[in-house]
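In case you want the letters, here they are:
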Amino acid sequence: MEIVVKNTTVSLVKGDITLEQTDAIVNAANSGLAGGGGVDGAIHRAGGPQIMEACRKIGGCPTGSAVITTGGNLKARFVIHAVGPVYHDGRHGEDKLLSGAYKASLELAVKHNLKSIVFPSISTGVYGYPVKQASEIALGTVLDFIKINNALSLVRFVLFSDSDLKVYEKTLERLIQG
Ligand code: ADP
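Let me sum up the structure you'll find in this document. Everything numeric in this text was worked out from a predicted model, so none of it was measured.

1. As for the overall build of the protein chain
The helix and strand inventory of the protein chain stands at five helices and seven strands. Overall, the protein chain shows an N-to-C arrangement of helices and strands of β-β-β-α-α-β-β-α-β-α-β-α. Taking 2.2 N^0.38 as the reference for a compact globule, 178 residues should give roughly 16 Å; the C-alpha atoms of the protein chain span a radius of gyration of 15 Å, in line with that estimate. Structurally, the protein chain occupies a C-alpha span of about 45 × 35 × 30 Å along its principal axes. Buried residues in the protein chain amount to 51% of all 178 residues.

Quick look at the structure:
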């Protein structure tokens, strides 16, 4: 699915984010930038040790924020490491922190003059965020951002399963209607 909002194409696809050729791919990182399983492990495996070296120099990143490093051996030039929240019960500021992780990533991309950025579904794996709720935050934050900032030409989400892709598609349809 693909829509255009002002200057920016928003696209939703199923796939493996490590293969993306955009200016930046976003990692669902942890606050220690220490690597791990899931998409984090996949990005470090595909991108090589340069990315971890850069993460170690930075040292860490608060939940709800993001940092940028080289893309190492990836096709993408940069990796933006966004730290989403662990989901408890929705009453621990999870929505605000998840939105913050997306917004900080978009701001970093613009600050570095990047034109295209790809997100995974942050926090919905090991961190346990319900996918529907996370999709509303993710897409809502992106739409709010690109309505007032024209610098990005492409924001893509790469979902890892058909069911996640469907949830994101339904949410996007709903958000652009309302
Ligand atoms: P978190 O700890 O933020 O929950 P995870 O990596 O556990 O992060 O999961 C985030 C999402 O990334 C999940 O939907 C997971 O299925 C997905 N994912 C895992 N590997 C990849 C990949 N190579 N490309 C895109 N998405 C991926």
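What follows picks up the thread again.
2. Some points on the side chain of T22
With respect to the helices and strands, T22 occurs in the loop between β2 (8–14) and β3 (24–29). In this structure the side chain of T22 is engaged in a polar contact, spanning 3.1 Å, whose partner is the backbone oxygen of A24.

3. Describing the packing of helix α4 (residues 131–148) against helix α5 (residues 162–177)
Two elements in contact, α4 and α5, have axes whose closest approach is 9 Å; the angle formed by their N-to-C orientations is 50 degrees. Judged on the interaxial angle alone, α5 and α4 are oblique. Of the two elements, α4 crosses α5, and the hand of that crossing is right-handed. Where α4 approaches α5, its residues V131, K132, A134, S135, E136, A138, L139, G140 and L143 are matched on the opposing element by D164, V167, Y168, T171, L172, R174, L175 and I176. Its residues placed into classes, the contact of α4 with α5 shows ten nonpolar, three polar and four charged.

4. Let's talk about the packing of aromatic side chains
Summed over all chains, the structure comprises five aromatic pairs. Both rings, one in Y102 and one in F119, keep their centres 4.9 Å apart while their planes meet at 50 degrees; by these two values the pair is tilted. Of the two residues, Y102 sits in helix α3 (residues 94–111) while F119 sits in strand β6 (residues 116–119), which places them 17 residues apart along the sequence. Ring plane angle 40 degrees and centroid distance 6.0 Å describe the contact between Y102 and F157, whose orientation is recorded as tilted. Of this pair, Y102 sits in helix α3 while F157 sits in strand β7 (residues 154–159), placing them 55 residues apart in sequence. Using a relative accessible area of 0% as the deciding quantity, one classes Y102 as buried. Among the residues examined, F157 registers a relative accessible area of 0% and is labelled buried.

5. Brief notes about the pattern of salt bridges
With the rule as written, the count across this model stands at six salt bridges. A salt bridge links K14 to D162; the nearest nitrogen and oxygen atoms lie 3.5 Å apart. Here K14 is found in strand β2, whereas its partner D162 is found in helix α5, with 148 residues between them in sequence. Its relative accessible area of 45% is what places K14 among the partly exposed residues.

6. Describing the site of the ligand
Close to the ligand lie 16 residues; D16, V39, S123, G125 and V126 are nearest. S123 places a polar main-chain atom, nitrogen or oxygen, 2.9 Å from an oxygen atom of the ligand. Notes on the ligand: free accessible area 570 Å², of which the protein chains cover 88%. Considering every element that reaches the shell around the ligand, the biggest residue donor is helix α1 (residues 38–47), with three residues. For the shell around the ligand, the per-class residue count stands at eight nonpolar, six polar and two charged.

Rules of the game
- Residues numbered from 1 in each chain as written.
- Predicted model: local features only at pLDDT ≥ 70, side-chain atom pairs only at ≥ 80, totals over all residues.
- Heavy atoms only, no water.
- Helix = DSSP H or I, 4+ residues; strand = E, 2+ residues; numbered from the N terminus.
- Rg over C-alpha atoms; globule rule 2.2 N^0.38 Å.
- Buried < 20%, exposed > 50% of the residue type's maximum accessible area, 1.4 Å probe, protein only.
- Polar contact = N/O pair within 3.5 Å; in protein donor to acceptor, adjacent residues only side chain to side chain.
- Axes fitted to C-alpha atoms, helices over the stretch in contact; angles between N-to-C directions.
- Parallel < 35°, antiparallel > 145°, perpendicular 65-115°, else oblique.
- Left-handed = near helix turned anticlockwise from the far one by under 90°.
- Contact = heavy atoms within 4.5 Å.
- Nonpolar A, V, L, I, M, F, W, Y, C, P; charged D, E, K, R; others polar.
- Phe/Tyr/Trp six-rings, centres within 6.5 Å; stacked < 30°, edge-to-face > 60°.
- Salt bridge = Lys/Arg side-chain N within 4 Å of Asp/Glu carboxyl O.
- Near = heavy atom within 4 Å.
- Areas by Shrake-Rupley, 256 points an atom, 1.4 Å probe, with all protein chains shown as cover.

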